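# Structural characterization, general
Chain by chain, the residues:
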Amino acid sequence: MPAASPLLRYVLRRADDALILGHRLSEWCGHAPMMEEDMALANMGLDLLGQARALYTYAGEVEGVGRNEDDFAYRRIERDYENLLLTEQPNGDFAHTMLRQFLYAAFAYPYWQAMMTSPDATLAAIAAKSEKEMAYHLRHSAEWMLRLGDGTAESHRRLAAALEILWPTTGELFTTDEGEQALIAQAIATDPESVRPQWTATVTQTLTQATIEIPAKAWMHTGGRQGRHSEAFGHLLTELQYVQRLIPNATW
Amino acid sequence: MYTQALNQQPESAPREADNAEAAARFQARIDAEERIEANDWMPEAYRRTLTRQISQHAHSEIVGMLPEGNWITRAPSLRRKAALLAKVQDECGHGLYLYAAAETLGTSREELVDQLLSGRAKYSSIFNYPTLTWADMGAIGWLVDGAAIMNQIPLCRCSYGPYARAMIRVCKEESFHQRQGYEIMLTLCRGNAEQKAMAQDALNRFWWPCLMMFGPPDTQSQHSDMSMRWKIKRFSNDELRQKFINATVPQAEILGLTLPDPELKQIDGVWHHGPIDWDEFHRVIAGGGPCNRERLAARRRAHDEGAWVREAAAAFAAKRAPKNQTEKQAA
């Protein structure tokens, strides 16, 4: 396989973010703290799976060698997935899952909003759909930040503990590489750094209101965007790809 | 959040139960095919029967999320994954909808869920069987949802309005699920030998438990007579089972699959099945099915592990409540 073009790599990275986070949310189905949350977690998971499908399909068009959404989602090896480390973090407890959703949505909502003006018509259309969905994810998860942070002592402790673990994965939200910089220069892609002020404001305001202290300084982990994942990621793929690997080249 | 106002017991029966005149008026309304609504007078036994039936139905939807939820993370394509997640989400929605219908009869969702978790309430026996392969998602959609539809279509005309109306919406979604399941089976049966064998195996395991979903034979059914009189139930267990078999046999033929019943034969256009293992049915209902323990344990775990989340939401609401009230007064 020849080296991926910057555009292909860009699209696959966003598709991987959506697939992996959507997959994580789908793991909750049937096990949420209340039925209303079972509905909401499934809803958000479905939104992200929908985004992943649109992006993978577009990646297939960009690549032009006939790969479809399932080829990308199911038939690559671990190192070929370039999703953010944040999106692959295990669910943990409800505070952990909802915080992960909040940190991601606080970024993805303004990011997709900015992407709506991309001259790439497909990306602009996907952005328009994703922006609406991420606005809901942000609203829902931010509501939970307040309830958990300013609820009971236990919920406060759990949310604070989750932030300690997830915070170091947030720096990667704003990283780019040479290929993406070229797309940014052509205005095809939005510079993630440009949404950092909005992300910081949303996160700071919400967590402050939730009486949760933001870690002052932390070493930021990167690697997801280069296919260097956490150990948990291989187990996620093992499950995701199981049937496709069991009986290869079949129609499902 | 759970409805607190409904936590009290329904009004005790004595004041009204002996009211023969009211009972006669009630039965006349039923006979005239009128809908009974939440605030209408109804015999306590009618209320109890419906509360039991609707809550069992709700429990079945919620427990029923587990066997299919078992395959969401392993669904073999993105299309199947999204469809399965949406389907299980629908079941949760049905559960919520049905608990709300049951609440109109005066028992809170909290109390009903407690009955499930403590093992006092029953749910459909079918969900105590394990889902072992991807083909089980096809078999469940095709057969389990197919059987559920047979049961539920007549419930759209149930005498109790809130239940009947809930069923109209539920049936529409179930019918979609059934077609989705059949399409999974069709894809497997048109696939390679391994896929077809997987489909046949799923059919073999789910066929008999699906026939049991309609309940014991009419000669042994405990609740049927009154339910028929009250027009909660319109067809007997055996009648519904027969309809299901008649509809399913030709569908299996199209798939090229063999129903696991060597005695199945058609006489004068009606399919006659071999003996159903009712001992197995009673064993599964009584808690001895392959997954009874796991299913209840999973529901209890979700409930217990979610307690701190519900407590946090309640504590937050309580903190905000006085402020809201002050604002309202000021306005």
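Residues numbered from 1 in each chain as written. Chains lettered and ligands numbered in written order. Predicted model: local features only at pLDDT ≥ 70, side-chain atom pairs only at ≥ 80, totals over all residues. Heavy atoms only, no water.

## Remarks on the overall build of chain B
The secondary structure content of chain B amounts to 14 helices and two strands. A globule of 331 residues ought to have a C-alpha radius of gyration of about 20 Å, and chain B, at 22 Å, matches this closely. In terms of overall dimensions, chain B has C-alpha extents of about 70 × 50 × 35 Å along its principal axes. Split into buried and exposed, the 331 residues of chain B put 54% on the buried side. Carbon and sulfur atoms form 53% of the exposed surface of chain B, whose accessible area is close to 14,900 Å². (Helix = DSSP H or I, 4+ residues; strand = E, 2+ residues; numbered from the N terminus. Rg over C-alpha atoms; globule rule 2.2 N^0.38 Å. Buried < 20%, exposed > 50% of the residue type's maximum accessible area, 1.4 Å probe, protein only. Areas by Shrake-Rupley, 256 points an atom, 1.4 Å probe, with all protein chains shown as cover.)

## Overview of the interface of chain A and chain B
Between chain A and chain B, the residue contacts involve 49 residues of the former and 47 residues of the latter. Across the chain A/chain B interface, buried area totals approximately 4,300 Å², and carbon plus sulfur atoms make up 68% of it. The largest share of the area that chain A buries against chain B comes from A:Met35, A:Met39 and A:Trp252, three residues that together contribute 18% of it. Counting across the interface, chain A meets chain B through three salt bridges. The residue A:Asp150 makes a salt bridge to B:Arg320 at a minimum N-O spacing of 3.6 Å. Sorting the residues of the side of chain A that touches chain B by element identifies α1 (6-26), α2 (35-63), α3 (69-74), α5 (94-115), α6 (121-149), α7 (153-166) and α10 (231-246) of chain A as the ones contributing at least two each. (Contact = heavy atoms within 4.5 Å. Buried area = accessible area lost by both parts, 1.4 Å probe. Salt bridge = Lys/Arg side-chain N within 4 Å of Asp/Glu carboxyl O.)

## Digging into the confidence of the model for chain B
Residue and element names in this part refer to chain B. Residues at a pLDDT of 70 or more form 91% of chain B, whose mean pLDDT is 92. This model gives residues 1-14 a pLDDT under 50, and the stretch forms 21 contacts once residues within four places in sequence are excluded. Confidence metrics for the complex model read pTM 0.94 and ipTM 0.97. (pLDDT = per-residue confidence, 0-100.)

## Things to note about the packing of α2(A) against α5(A)
Residue and element names in this part refer to chain A. At their nearest, the axes of α2 and α5 sit 13 Å apart, and the two run at 40° to each other. Classified by the angle between their axes, α2 and α5 sit oblique to one another. When you trace α2 past α5, the crossing you get is left-handed. Here Glu37, Leu41, Met44, Leu48, Gln51 and Leu55 of α2 come into contact with α5, specifically with Phe94, Thr97, Met98, Gln101, Tyr104 and Trp112. For the contact of α2 with α5, the residue count by class is eight nonpolar, three polar and one charged. (Axes fitted to C-alpha atoms, helices over the stretch in contact; angles between N-to-C directions. Parallel < 35°, antiparallel > 145°, perpendicular 65-115°, else oblique. Left-handed = near helix turned anticlockwise from the far one by under 90°. Nonpolar A, V, L, I, M, F, W, Y, C, P; charged D, E, K, R; others polar.)

## Regarding the environment of A:Thr117
Residue and element names in this part refer to chain A. Note on placement: Thr117 falls in the loop between α5 and α6. Spatially, the C-alpha atom of Thr117 lies 23 Å from that of Glu172, the residues being 55 residues apart in sequence. Here the side chain of Thr117 touches Ala114 through a polar contact of 3.0 Å, landing on its backbone oxygen. (Polar contact = N/O pair within 3.5 Å; in protein donor to acceptor, adjacent residues only side chain to side chain.)

## A few points about the side chain of A:Ser130
All names here are of chain A. Relative to the elements of secondary structure, Ser130 occurs in helix α6. Classification of Ser130 as buried rests on a relative accessible area of 1%. Apart from residues lying up to four places away in sequence, Ser130 is in contact with Gln51 and Trp112.

## What to know about unusual backbone geometry
The phi torsion of most residues other than glycine is negative, and most of the peptide bonds are trans. Residue and element names in this part refer to chain B. Of note, the phi angle at Glu33 is positive, near 65°, even though the residue is not glycine. Its location among the elements puts Glu33 in the loop between α2 (20-31) and α3 (44-63). Of note in this structure, Lys231 is not a glycine but carries a positive phi near 55°. Positionally, Lys231 belongs in the loop between α10 (224-229) and α11 (237-255).

## A closer look at the pattern of salt bridges
Per the counting criterion, the structure on display carries 36 salt bridges over all chains. Notably, a salt bridge pairs B:Lys231 with B:Glu33, separated by 3.0 Å at the nearest N-O pair. Remark: B:Glu33 occurs in the loop between α2 and α3 and B:Lys231 occurs in the loop between α10 and α11; sequence separation between them is 198 residues. You can call B:Lys231 buried: its relative accessible area is 19%. Through salt bridges that share partners, A:Arg9, A:Arg13, A:Arg14, A:Glu82, A:Asp177 and A:Glu180 make up one connected network.

## Points about the packing of aromatic side chains
Applying the stated criterion across every chain, the model contains 17 aromatic pairs over all chains. On the basis of an interplanar angle of 75° and a centroid distance of 5.3 Å, the ring pair of A:Phe174 and A:Trp199 is categorised as edge-to-face. Of this pair, A:Phe174 sits in the loop between α7 and α8 (178-185) while A:Trp199 sits in helix α9 (residues 196-209), and the two are 25 residues apart along the sequence. We note that A:Phe174, like A:Trp199, is buried. Residues B:Trp278 and B:Phe281 carry aromatic rings whose centres are separated by 5.3 Å and whose planes lie at 90° to one another, so their mutual orientation is edge-to-face. Residue B:Trp278 and its partner B:Phe281 are located together in helix α12 (residues 278-288), separated by three residues, close to a single helical turn. Like B:Phe281, B:Trp278 is buried. Taken together, the ring pairs connect A:Phe107, A:Tyr111, A:Trp112, A:Trp167, A:Phe174 and A:Trp199 into an aromatic cluster. The ring of A:Phe174 carries A:Arg196 above its face, with NZ or CZ at 4.2 Å from the centroid. (Phe/Tyr/Trp six-rings, centres within 6.5 Å; stacked < 30°, edge-to-face > 60°. Lys NZ or Arg CZ within 6 Å of the ring centre and 35° of its normal.)

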